[in-house]
Each structure stands twice: as C-alpha cells, then as structure tokens.
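# Coordinate inspection notes
The lines below spell out each chain.
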Amino acid sequence: MKKLYIIGAAACLLSACHPNVKVTPNPTKGNANFTTYLAVGNSLTAGYADGSLYLSGQLNSYPERLFEQFQSVGSDGKFIQPLLKTDFGFPGPKFIMAVTTHCDGSTSLGPAPYAGHIDTTGNIEHVSGHINNIGVPGIRIADYDVASYATIAYYGGGAPYAYRFYNNVAGTPQDELIYRVNDLQPTFFTCWLGANDVLGYATSGGQGNGDGTAVPLGANLYANGDITPDSVFKHLYDAAVTVLINNGAKGVLINIPDVTSIPYFTAIPAKGLILRQGQADTLNAIYAGHATFVAGANYFVITDHDGHIRNAFPNELIMLTTPQDSLLCAGWGSVKPIPAAYVLDQGEIQNAQKATAFFNSVIKDEAAKHNLVYVDMNAYLKTLSSGITFGGVTYTAQFVTGGAFSLDGVHLTPRGYALAANQIINSINAFYHSTIPTIDVNKYDGVKFP
Amino acid sequence: MKKHLLAASLLLCSAISYGGGYQLNLQGLRELAMGGTGTASTADASTIFYNPAGISRLKGIEASASILFIMPTTGYSNAQGYSATTKSQTFTPFNIYVGGPLREGSKVGVGIGIYTPFGSGTTWDDNWSGKFLVQSIYLQSVFIQPTISYRVSDFLSVGGGFIYAFGKIDYKEALPVQFDNGQDGQAHLHGNANGVGFNLGVHLKVASTLQIGFTYRSQVNMNVGAGHADFNVPASLQSSFPNTTFDSQLPLPQIASLGISYRPIDALTLQFDLNYTGWNSYDSLRFNFATNTSALQNEHAPRHYHNTLTPRLGACVKVSKMLSLMVGGAYDPTPTTQGYISPELPDADRLVLTGGIAFKPIPRLTILAAFEGVISSKRFASYDYGNYSGTYQTKAATPGIGINYNF
C-alpha cells in the first residue's frame, strides 16, 4: 500500500521533471527585405581559404552563413554559389597542416601545399543560371572597369574564378554586376570589396606604386602591385553601389581590414634572428655599422624600399611567403638581407594604411549617402589581436593557433567566417531593427591537424 | 586558441547543482521528507549528520541506513534557437549511521556516520554547443564521521565529529583542436580527492514540546593531489598537450545552522531550519598542471560565489502508532553571481518540495520512504569568461528508501 503510494508520487513528479527551457526565438526582418540575397565581393566573399578555392570552403563562406540565417526572416530559400566539384583547391592545391623537413634537417608543423593527386574534374565547367554569390577571388575595385576581365592575358590567361561563371566574359566586372542584379533582382545585398586594391601592393612587398599616383598599364588596367588611386576607387566603388541599390535593395557595405593586422604579415616576427655571441660578432664585422647584432634576438637584416640594407625596424613586417629554407640555410636575414619583395618597410606600411583609411572612408560615406549598413570589419578583426572568445574558445590573430585565419594567413577559417557573419548580422539587426539570430561559430571547422 | 580549462570547478558544482543544498538534503530520509530540517530533532541515528549533539539523546543504540536515487536533468537554450538537455542518469547516494548512548542512561553517546553528500553528474551530448566548457562531469564522494556527544543535562547536550572525506572526479571537455576528420580533441581529467573537517552541534531541550539546535560544519578542502589529465589530440599536437597530472583544491563551504522543532499536539511536529552557507570561500578556481606548454596553461577562473541563507520547513503527522507522514519544503537561493555562471553549474534559485512516510511494523523497526523534487527557476545565465550564455533550468527527482532499527 505504502509502496504503491510512493511509486505513484514518484511517477507523477518524474513526468514533470523534464526541464522545458526551449526559447522559441522570434526572428523578425525589421525594415529590410531578405527575400533574395546577392553577395558581392572578392576572395573573402567567395569562401576562399588555405590559399585556394575549394568546395567546402565555398560552403562555409560568410554569405552562405548569412543566407542560412536569412531563411528565418523571409528568404526565398535559394542561394546559389558557383560551386567547385572537389575539395583539393582550384586552380592550385590548398594548404594543409603537415610536418615539413627543412634544409637543415629540422622539422616543423606548418602549412604545406596538399601533395596528393588533385582531382579537378568539372571545376572549369561554366556555371550558368542564377547566381547569388558573385565573389571573385583577387578582384579589385580597380578591375571593375576592365573589359574582358575574365579572359585577358594580364591575369595569367584569364581570371580563372570569373571565367567560370561570368555571363559575358568579354564584359567588365561592372557589366557582370549589372547583369546579375537584373537577373536576380536582389532585395538585399552585401558588398565586401576593396581589400585587393591595397593587398596586392602589400603582398608584393610594396614594390608597386604606393602613393596613389599609379597610372594604368593600358585600358583601365592597373598593375596588381599598385595601390588603386583614390579617385579611381571612389568613382568605381560608387558606381558599383549605385547598381546594387538600383531596384531599391537594402544592404550592407563592409570595410576592408588593415593588412598589418593579418597573420600573413605578422607570423614571422621582425625580431626573429637568434644569435650566439660569436655569430653576432661575425655579423657586426661584416656589416661594419650598417646593421648591429647582439647575442639573443635581433631584428632581421632587410633591404628596404630605397635599397638600403639595415636591421628591420620594430614595426616592420616580414611576409609569410619568405622562403623558410632561405632563412634557415641561405643566410637570409643575417649574412644576406631579406629581399625587399618580402618586406613591408615603414614607408610601405604607411602607404598601405593611408590607402586603407581612405578606402574605408569612401565605403563609410557611401553607406551614409545611400542609407546602408556600414560594417567596420577592420575594427572587428583588430579585436582578434586581443582575442575574441566564443563558447569557451578564444580566437586570436595568431597564425594557425589562433583558429580564425586559415593557412594562407589572409583568409578565414569556417569559424573565422562565421565570426565575421555574426558581426554583419549584429550590424544589420542594429540598423534595420531586425532580430536575425546569430550563428553558433564553434559548430564549424577551424584548423585541422594531422 | 587558449583553452579555458575549468575542470576543477565542476567538482563542487554538480553536487550543489543537484543536491539542492547538498549539505542537508539527502543525509537522512526523515529529514529529507521534512524539507531537509533536522538540526533540532533527534529522531534517529542520522542525527550524527544533522546534529551530533543528538546522539546522547537517543534511547539506545540505533542504526539507520538509506539509499537515494537522484535523477537530475538540466535543460539549456539560447537566443539562436538552440536547445539541449542533459542525458538521463541516475545516481545513488547512500548513508549509514550507527550510534547512541554507550549504555542505557549514559550521558555519553558515540556513533559513526558514512554518507555521500556528493554523488551526481551531468552528461551533455559530446557535440553540444557548450562542449568547449564541459561535456560531462561526474563526482563521487564519501564522508566518514566518527562522533561523540555528551548530555550535560536534560536541557543541554553537545557533540562533535571529525570528518574524513574522499572521492573521485571525472570530467571531460572538448578541446578546440581538430583532427583531420573534423573531430574535436578532448581533455579528460580524472582523479581522487580527499579532505578533512568537523561537525559540531548543540542541542537544547527547552520543553518536552520544544527543541532547538545549533550546528557548525567546517569547510572541507577537497584536495586533488595528482589527478590524471589525459588529452586526446591529433598526433602532431601531442607535445603541446602532454598527458600529465594536475592538482587542485576545492573548498566545500562551512555551514552554520539553526533549527527549531515544535510539537503543538502529540500527533504533529513542526520543524524549521535555517542554513547559512559560506560559499564566498569559492571565489575562484585554480587548476595546476604538472607540465605546462604554450597550449596548456594553468587555469585561474573567477567564480565569485556569495554566501546564502536557506530556510527550510517540515511537518510530521503521526497518523497511528505504525504510520507517520511527512512533508516539507525549502527555498535554496543560488550562491552564483551573474556573469560567472558556466554550464558546468548553471545554478539558479531552487524550490525544494519533499514528502515521505515512516512505517513501523514492529516497535524496533522503521521503514522510511521519501521523495524530493527540486525545481530551479528558469534563469538566463551568462559566463563572460567563456562568452557563453543561455537560459537554464534544472529539475531533479530524488526518491529514496531506508530503515531505522533500535537495538
């Protein structure tokens, strides 16, 4: 009798014992219309990562993440990207983490090109039909007025990414934009353009024209290593935005990151030359005062923009692409200076930062003028240097270990792109009074290790 | 990708989490059934825990034992529309007490208690959204308390016990380093803990119908001396996450209690207890690995617990010589501080409701059954240190059975 009573009491309480905390979020679109979404941009928009474009990278692009969130606020359920068929990298192989043996016999764990067979079957097939993500790796605002952008010889016999899906390969990127806007009739867009207008200069070690006075090689085509002149940038950026808003679409303009905050330029420290006393004495004798050395950590010897051979200054940047074997075995940075093409010296950094500041002011002005969302991605990515914590994981701008930047030191990991997408969503929500849910960043991949 | 390893906090936390005031609730069925009250009553040998002064008041040597079945569940959801629930698990804390006056009429009572004030755990899905903070936590502990009591007069008795505590912990969390196939790494921390403390009590028999009790249970620092820290990480990172040992110290807080037991009529006993718990000793969590690397650093995570005051009420109705019914309840406020609430302990204010039955088929033997339901308020909790937040709710159903025998 008593036993029955207890079991009865237990049973009724047990059934009530399941916590129900389900919060049903109620996403709202606010003052915007997310029915049809068009993403415009460069490699960051295409989902480029690990030094290449590949299928899973595209599927983890920030526009794909945004589209997934827009589905709760009235998207038409379609988001077509010009997907590749395989995951090896196009046209070259992507980087993977691997143990590399160096010239001096030492080994290290780091990014290395995928060395296996690369299956590119179907990757160059032309993609036709509606496309919602027209991000083209490598494209600059300066390119928007270049006819036959997808095919001209300057880009190595054609810009392979544009060539894959451009409707009219003889047209300019601006023509393509006009076509895509007419074809898709987007109600909402994101535009993250402009980074390559300064990045090409930086990644060439500041070898091109950096003071804004570059002249075209011909037919509106600027050299890849030049910084796009201010007036050209302003004119062509404005023209692109004008097309995007033509049908009354609302959208987002995203500014460009400061190149000095990305691992491509910070992974190799300028003060990375470790010497014993004897080595320091030898180098002091060789350089006879042009460069000085002590036992311990020293600033690498570089050739600066003006051809001077000297120790790098504390804030100068050595590029990630500086050959490791040359540093280890060929005396680069010590008995031989690191060539200027691998160094961003003080003056070059100033040029890059000045251009970045101007381009970002143009982007901000355009957003204000057309009543669009302005996302200060530059400021957000800078906060990575002190760490952005999400769900117990702290992401930083450290190369490989930071988790946010992919193995090329410029582009992001799927988690990094998800962080960027959240930043965009927060900006959209604030501007349009929408309540689009943010993304669980840690659900996606970071850097994978062997 | 510095990882916030927080294991140690967990030890305490799950216990607090599901014991609903672990310090009193489950150490005796009669007390449990009456809302966890018992500081003023000397009903049976479980007084060794509830008020050591009570042993010298017992009529003779008594033995009490019970076993309980805790079934805690915690639910989580966040603004992104994600929700998760912990896996169903059953834990079985138990207690055994033997004690009483040395001989009939003796002023000195002795006894020993073995009880398990912690014995619970939480298991989330390995891939749940808080996986980098906790995947699972399990804690087991046993307290042994030899006790002596002296009856100064009919009015006053005092008592005290020494506590030796031992137990083990097991904790898992994902590490943000991925294998080639996308699987996350994992930290598995497990080891033994022990500590010492004491339990003091004063019991006043103001009148035949009114009893008052005071107890003080000391802090018990549970030391984890050389726990095992095992890391499942990609081969290329094994030197960054070497399998090593860790040590930690977990303060189980001091508790001062006041209890009043009043019998307005023969058939009815009313009890009121108040527990003041010194949670502020759990200010932060330090967690030291024997081997550190750039990826594996010692942890110092703030917790900022604050002291709590828990009122408890209980009633016992004597239906017949053979049968008594008990009910009770308690309001157990959370010691946590907003901004410092990690999913290993998504604690919130708790409402505790209890009931039970005592059946006495023969004069020397009592069979007890009790039930406790713990419901925490739904609470939005944030853990700023790990930037993780959401709405949590914990419920726990705890049935138990036991016996008491008078020798």
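Residues numbered from 1 in each chain as written. Chains lettered and ligands numbered in written order. Predicted model: local features only at pLDDT ≥ 70, side-chain atom pairs only at ≥ 80, totals over all residues. Heavy atoms only, no water.

### Details of helix α10 (residues 277-287) of chain A
Residues and elements named next belong to chain A. Condition: Accessible area is worked out with a 1.4 Å probe on protein chains only. A residue is then buried under 20% of its type maximum, exposed over 50%, and partly exposed in between. Helix and strand assignments follow DSSP, with helices taken as H or I runs no shorter than four residues and strands as E runs no shorter than two, numbered in order from the N terminus. Working note: the arc is built from the helix axis to C-beta atom directions. Note on contacts: a residue pair qualifies if any of its non-hydrogen atoms lie within 4.5 Å across the two residues.
Of all the positions in α10, only Ala280, Leu283 and Tyr287 are classed as buried. The buried residues of α10 occupy an angular sector of 65° when the element is viewed end-on, so they sit on one face. Here the buried face of α10 lies against β6 (273-275), β8 (301-303) and β9 (309-311). Backbone geometry just after α10 places alanine 288 at a positive phi near 45°.

### Topic: the interface of chain A and chain B
Condition: Here the quantity called buried area is the accessible surface, traced with a 1.4 Å probe, that two parts lose on coming together, added over both. Only one rule defines a salt bridge in this text: a Lys or Arg side-chain nitrogen within 4 Å of an Asp or Glu carboxyl oxygen. By the criterion applied in these results, polar contacts are pairs of N or O atoms within 3.5 Å in which, for protein atoms, one can donate a hydrogen and the other can accept it, and in which residues neighboring in sequence qualify only through two side-chain atoms. All amino acids are sorted into three groups, where Ala, Val, Leu, Ile, Met, Phe, Trp, Tyr, Cys and Pro are nonpolar, Asp, Glu, Lys and Arg are charged, and the leftover types, Gly among them, are polar. Strands are labelled as partners when DSSP assigns at least two bridges between them.
Listed per partner, the contact involves 39 residues of chain A and 46 residues of chain B. Of the roughly 3500 Å² buried between chain A and chain B, counting both surfaces, carbon and sulfur atoms make up 61%. On the surface where chain A and chain B come into contact, there are 1 salt bridge. Between B:Asp184 and A:Arg415 there is a salt bridge, with the nearest N and O atoms lying 3.7 Å from each other. Our count for the contact surface shared by chain A and chain B stands at 11 residue pairs in polar contact (both at pLDDT 80 or more). Of all the elements, helix α1 (residues 2-15) of chain A adds the most residues to the side of chain A that touches chain B, at 5 residues. Split into classes, the residues belonging to the side of chain A that touches chain B amount to 20 nonpolar, 13 polar and 6 charged. One ladder, built from 2 bridges, connects strand β15 (residues 448-449) of chain A with strand β8 (residues 156-179) of chain B; its direction is parallel. Bridging across to β8(B), A:Phe449 finds its partner in B:Phe179.

### What to know about helix α12 (residues 346-369) of chain A
Residue and element names in this part refer to chain A. Operational definition: One less than the residue count of a helix, multiplied by 1.5 Å, gives the span that helix is expected to have.
The terminal C-alpha atoms of α12 lie 34 Å apart, and with 24 residues this matches the ideal 34 Å at 1.5 Å per residue to within 8%. Among all positions of α12, only Glu348, Ile349, Ala352, Ala355, Thr356, Phe359, Asn360, Val362, Ile363, Glu366 and Ala367 are buried. Capping of α12 at its N-terminal end is provided by aspartate 345; its side-chain oxygen lies 3.0 Å from the backbone amide nitrogen of glycine 347.

### Observations concerning the confidence of the model for chain B
Residues and elements named next belong to chain B. Selection rule: The predictor reports its confidence for every residue as pLDDT, a score running from 0 up to 100.
Looking at chain B as a whole, its pLDDT mean stands at 88, while 93% of the residues score no less than 70. Taking the mean pLDDT of every element in chain B, the minimum, 31, falls on helix α1 (residues 7-19) and the maximum, 97, on strand β10 (residues 210-217). The model gives residues 1-24 a pLDDT under 50, and that stretch makes 120 contacts with residues more than four places away or in other chains. In the model output, the complex is listed with pTM 0.90 alongside ipTM 0.88.

### Points about the sheet that holds strand β12 (residues 373-375) of chain A
Residues and elements named next belong to chain A. Which entries qualify depends on this criterion: What counts as an axis is a line fitted to C-alpha atoms, over the stretch in contact for a helix, and the angles between N-to-C directions run from 0 to 180 degrees.
Spatial ordering of the open sheet is given by β1-β4-β5-β12, a layout of 4 strands whose pairing is parallel. Strands with a single pairing partner mark the edges of an open sheet, and in this sheet they are β1 (37-41) and β12. Here the strands of the sheet are splayed against their neighbours by 15° on average, with no regard to which way each runs.

### Describing the pattern of salt bridges
A complete count under the given rule lists 15 salt bridges over all chains for this structure. Put simply, A:Arg310 and A:Asp304 hold a salt bridge, and the shortest N to O gap is 3.0 Å. Across the pair, exposure class does not vary: A:Arg310 and A:Asp304 are buried alike. B:Asp44 serves as the salt-bridge partner of B:Arg30, at 3.5 Å between the closest nitrogen and oxygen. Residue B:Arg30 is found in helix α2 (residues 29-33), and its partner B:Asp44 is found in the loop between α2 and α3 (47-50); the two are separated by 14 residues along the sequence.

### Quick word on the state of the cysteines
Residue and element names in this part refer to chain A. Stated precisely, the cut-off is as follows: The disulfide criterion is simple: two cysteine sulfur atoms within 2.5 Å.
Taken as a whole and assessed by the stated rule, the structure comprises 1 disulfide over all chains. Disulfide pairing is shown between cysteine 103 and cysteine 329; the S-S distance is 1.9 Å. Here the S-S torsion is close to 100°, and the disulfide linking cysteine 103 with cysteine 329 is therefore right-handed. Of the two residues, cysteine 103 sits in the loop between β2 (95-101) and β3 (107-113) while cysteine 329 sits in helix α11 (residues 324-329), which places them 226 residues apart along the sequence. Exposure remark for cysteine 329: the relative accessible area of 43% places this residue in the partly exposed category.

### Focus on the nonpolar core
To keep it simple, the criterion reads: Grouping buried Ala, Val, Leu, Ile, Met, Phe, Trp, Tyr and Cys residues that are joined through side-chain atoms within 4.5 Å yields what is termed a nonpolar core.
By size, the foremost hydrophobic cluster in this structure holds 107 residues, and its most contacted members are A:Tyr237 and A:Phe265. Counting residues per element, this core draws most heavily on helix α14 (residues 414-432) of chain A, at 9 residues. Not counting residues within four places of it along the chain, the set of residues in contact with A:Phe265 comprises A:Leu199, A:Ala202, A:Thr203, A:Val259, A:Leu317, A:Ile318, A:Met319 and A:Leu344. In this structure, B:Ala45, B:Ala84, B:Leu237 and B:Leu345 belong to the second largest nonpolar core, which totals 57 residues.

### Some details on the packing of aromatic side chains
What counts, and what does not: Pairing of aromatic rings covers Phe, Tyr and Trp, the last through its six-membered ring, and needs centres within 6.5 Å; plane angles under 30 degrees mean stacked, over 60 mean edge-to-face, and all others mean tilted. For a Lys NZ or an Arg CZ to count as sitting over a ring, it must be within 6 Å of the ring centre and within 35 degrees of the ring normal.
According to the stated counting rule, one finds 39 aromatic pairs over all chains in the structure shown. On the numbers, 5.9 Å between centres and 50° between planes, the contact of B:Phe231 with B:Phe241 is tilted. Placement of B:Phe231 in strand β11 (residues 220-232) and of B:Phe241 in the loop between β11 and β12 (244-252) is noted, with a sequence separation of 10 residues between them. The same class applies to B:Phe231 as to B:Phe241, namely buried. Grouped by ring-pair contacts, the aromatic residues A:Phe34, A:Tyr37, A:Phe67, A:Phe70, A:Phe79, A:Phe188, A:Phe431 and A:Tyr432 constitute a single cluster. It is A:Arg65 that lies over the ring of A:Tyr444; its NZ or CZ is 3.8 Å from the centre.

### Quick notes on the packing of helix α6 (residues 173-184) of chain A against helix α8 (residues 230-244) of chain A
The angle between the axes and the distance between the axes are what describe a pair of packed helices. Residue and element names in this part refer to chain A. The test is simple: Between 65 and 115 degrees an angle is taken as roughly perpendicular, under 35 as roughly parallel, over 145 as roughly antiparallel, and anywhere else as oblique. Crossing handedness is defined as follows: a turn of the near helix away from the far one that is anticlockwise and smaller than a right angle gives a left-handed crossing, while the clockwise case is right-handed.
Running from N to C, α6 and α8 point in directions that differ by 10°, and their axes come no closer than 9 Å. Relative to α8, the element α6 lies roughly parallel. Seen from above, α6 lies across α8 with right-handed handedness. Residues Gln174, Leu177, Ile178 and Val181 of α6 form the contact with α8, whose own contacting residues are Ala239, Ala240, Val243 and Leu244. Tallied by class, the residues present in the contact of α6 with α8 amount to 7 nonpolar, 1 polar and no charged.

### Quick word on the packing of helix α7 (residues 196-203) of chain A against α12(A)
Residues and elements named next belong to chain A. With their axes 10 Å apart at the nearest point, α7 and α12 run at an angle of 175° to one another. What the angle tells us is that α7 and α12 run roughly antiparallel. Contacts from Asp197, Val198 and Tyr201 in α7 reach Glu348, Asn351, Ala352, Ala355, Thr356 and Phe359 in α12. Here the contact of α7 with α12 is built from residues that sort into 5 nonpolar, 2 polar and 2 charged.

### Here we look at unusual backbone geometry
A cis amide bond links A:Phe90 with the next residue in sequence, A:Pro91, at an omega value of -5°. Looking at the secondary structure, you find A:Pro91 in the loop between α4 (62-70) and β2.

### Section: the side chain of B:Gln393
Structurally, B:Gln393 can be placed in strand β22 (residues 388-406). Separated by 3.0 Å, the side chain of B:Gln393 and the backbone oxygen of B:Ser376 make a polar contact.

### Comments concerning the pairing of strand β4 (residues 94-101) of chain B
Residue and element names in this part refer to chain B. Pairing analysis gives 6 bridges linking strand β1 (residues 62-68) to β4, with the strands arranged antiparallel. By the bridge assignment, serine 66 is partnered in β4 with asparagine 95. The pairing of β4 with strand β5 (residues 108-115) spans 7 bridges and is classified as antiparallel. Across the sheet, the residue bridging to valine 98 is isoleucine 112, located in β5. Hairpin connection from β4 to β5: 6 residues lie between these consecutive antiparallel strands, with glycine 105 at a positive phi of about 85°.

### Here we look at the pairing of β5(B)
Residue and element names in this part refer to chain B. Burial along β5 is one-sided: Gly109, Gly111, Gly113 and Tyr115 are buried, while Val108, Val110, Ile112 and Ile114, pointing the other way, are not. The sheet contact formed by β5 and strand β7 (residues 136-151) spans 8 bridges and is antiparallel. Bridge pairing links glycine 113 to glutamine 145 in β7.

### Considering the environment of A:Phe95
Residue and element names in this part refer to chain A. When you line up the elements, phenylalanine 95 lands in strand β2. For phenylalanine 95, a relative accessible area of 28% translates into the label partly exposed. When the C-alpha positions of phenylalanine 95 and tyrosine 62 are compared, they lie 20 Å apart, and in sequence the two are 33 residues distant. Ignoring any residue separated from it by four or fewer positions in sequence, one finds phenylalanine 95 in contact with Asp50, Gly51, Pro111, Ala112, Pro113, Leu407 and Asp408.

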